[in-house]
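One letter stands for each residue in the lines below.
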Amino acid sequence: MPSILLSFVGNQDPFSKNHTEGSIISLVRYLTAQNHPIVRAILLHTRDTASNAQETQDWLELELQLPPAAIALQPVAPEFSADPIDLLLASQSARQAIQTALPGLDATTTLELNASSGTPAMKAAWSIMQAAGYAPYSRIWQVRNPQEIRPGQDRVFANNVNILKREFDLKVIQQQVQDYNYRGALITLQQSGLLTPTLEALLNYGFYRLAFDFNRAFSSLQGCQEAVDPEWWQDIAPLRQGDRRALLKEAYFKALIQLQHHQYEDFLVSLFRLQENILQFLLVEKIGLSISGKRSEQERSWQAIRQVDQGRLYQHLQQYTLPKGGPLRLGEAISRYVNLAIVEYYPQFAPIVDSLKALNEYCEQRNHSVHNLVGVSEIEDQQTMLAHLNRVMRQVVGSPAENPLSRLNQYICDRL
């Protein structure tokens, strides 16, 4: 397989003072013998090693018949020439060389990074670049001093830090998953070369499920039936079928995720939607009163309300007073306040009426934020609000179990 050589040029290149071959020549001979021909070379040099770089180029042209266009002599920045032990400047020069090489890199080509020429900072720079992920498809090479080789030691050997980079990547990916950043984790896995079909399926499943696109979440698992626990197929089934209890629990867990990550404006929007759907659920599922908030259906909805309990429900609404004073707007589109007033009429809902009213105040905060383009930097009295929300959820759909997406996160992390 072809190779692209990247190296700083040292004072011992291309030959040392005792006429032994320097590390660049030694590495090139080794790679060529291992069927990794050099197709391009990028040699970095300071002012003091410019002549060494030219001599190295001459050798590459003569011995390997590399055309001059395939060899780049790249001078480092003047400040690095003046201070060649500066690790930051060395890393910047190494990164520039890698960026120069990347357009010619493909899946069949390897970056060969020589970590045995130049100053200690120059040698260390290649390991930093590989560990930071800047050098894909790369190997780091060490070349021993021939006068110091001990029995059983190879003169040329690879000394990669990809294992360390893998540990860094996994730490980042695990945090992204725990933060429910499924797309970010997917991108990081792709860039690190650690992505598997199963991980890709699970991350897409989490992303679409969090977005309430349950059909795509289901489709994401296709092809991974044997590798994925059946619970994730079973979990998504009632959501795809539109089961109201399952949807309310899912909306509840999504709102808690937003609150956990201090996404307060998004949380209030989710709470608003959850409150509306809880009220609708109570009216439809618990009472059997099918009414709609759509203007096109308002007349039919009010007719249904007038017939309930021989008109006593409608009388209750006529006498109802809003929290800020004033009557309900009867005869218009069914509002959240009308639904709340209807729920308040039924004694079986008395244990959660106060909590529903308390949550309604947070819904008003959502309206203020949306309609006035006002940000939300905190949720006042958050613990009390959560207590009200949990009380309502227990009454309406039963005690919600552990957040399924939190379980999914652990399931994914266990497979990294």
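Reading guide: rules and limits
- Residues numbered from 1 in each chain as written.
- Predicted model: local features only at pLDDT ≥ 70, side-chain atom pairs only at ≥ 80, totals over all residues.
- Heavy atoms only, no water.
- Phe/Tyr/Trp six-rings, centres within 6.5 Å; stacked < 30°, edge-to-face > 60°.
- Helix = DSSP H or I, 4+ residues; strand = E, 2+ residues; numbered from the N terminus.
- Pairing = 2+ DSSP bridges.
- Axes fitted to C-alpha atoms, helices over the stretch in contact; angles between N-to-C directions.
- Buried < 20%, exposed > 50% of the residue type's maximum accessible area, 1.4 Å probe, protein only.

Participant: Just give me the short version of the packing of aromatic side chains, but keep the residues and values in it.
Facilitator: Under the counting rule described, the total for this entry stands at 13 aromatic pairs. Aromatic pair F8 and W126: ring centres 5.4 Å apart, planes at 50°, arrangement tilted. Of this pair, F8 sits in strand β1 (residues 3-8) while W126 sits in helix α5 (residues 120-131), and the two are 118 residues apart along the sequence. Ring centres of F218 and W233 lie 5.3 Å apart, and the angle between their planes is 85°; this geometry places the pair in the edge-to-face category. One end of the pair, F218, is in helix α9 (residues 214-220); the other, W233, is in helix α10 (residues 230-240), with 15 residues separating them in the sequence. Linked through ring pairs, F8, F80 and W126 together constitute an aromatic cluster.

Participant: Tell me about the sheet that holds β1, and please be specific about residues and values.
Facilitator: Taken in spatial order, the six strands of this open sheet run β3-β2-β1-β4-β5-β6, and their pairing is mixed. Each edge of the sheet is formed by a strand with only one pairing partner; in this case those strands are β3 (71-75) and β6 (156-158). On average, each strand axis in the sheet is tilted by 25° relative to the strand beside it, whichever way the strands run. With six bridges joining them, β1 and strand β2 (residues 38-45) adopt parallel strand pairing. From the neighbouring strand, F8 faces β2, where its bridge partner is L44.

Participant: Account for the environment of P75, naming residues and giving values.
Facilitator: Checked against the element boundaries, P75 lands in strand β3. Residue classification places P75 among the exposed residues on the basis of a relative accessible area of 56%. Sequence spacing of P75 and A101 is 26 residues, and the spatial spacing of their C-alpha atoms is 15 Å.

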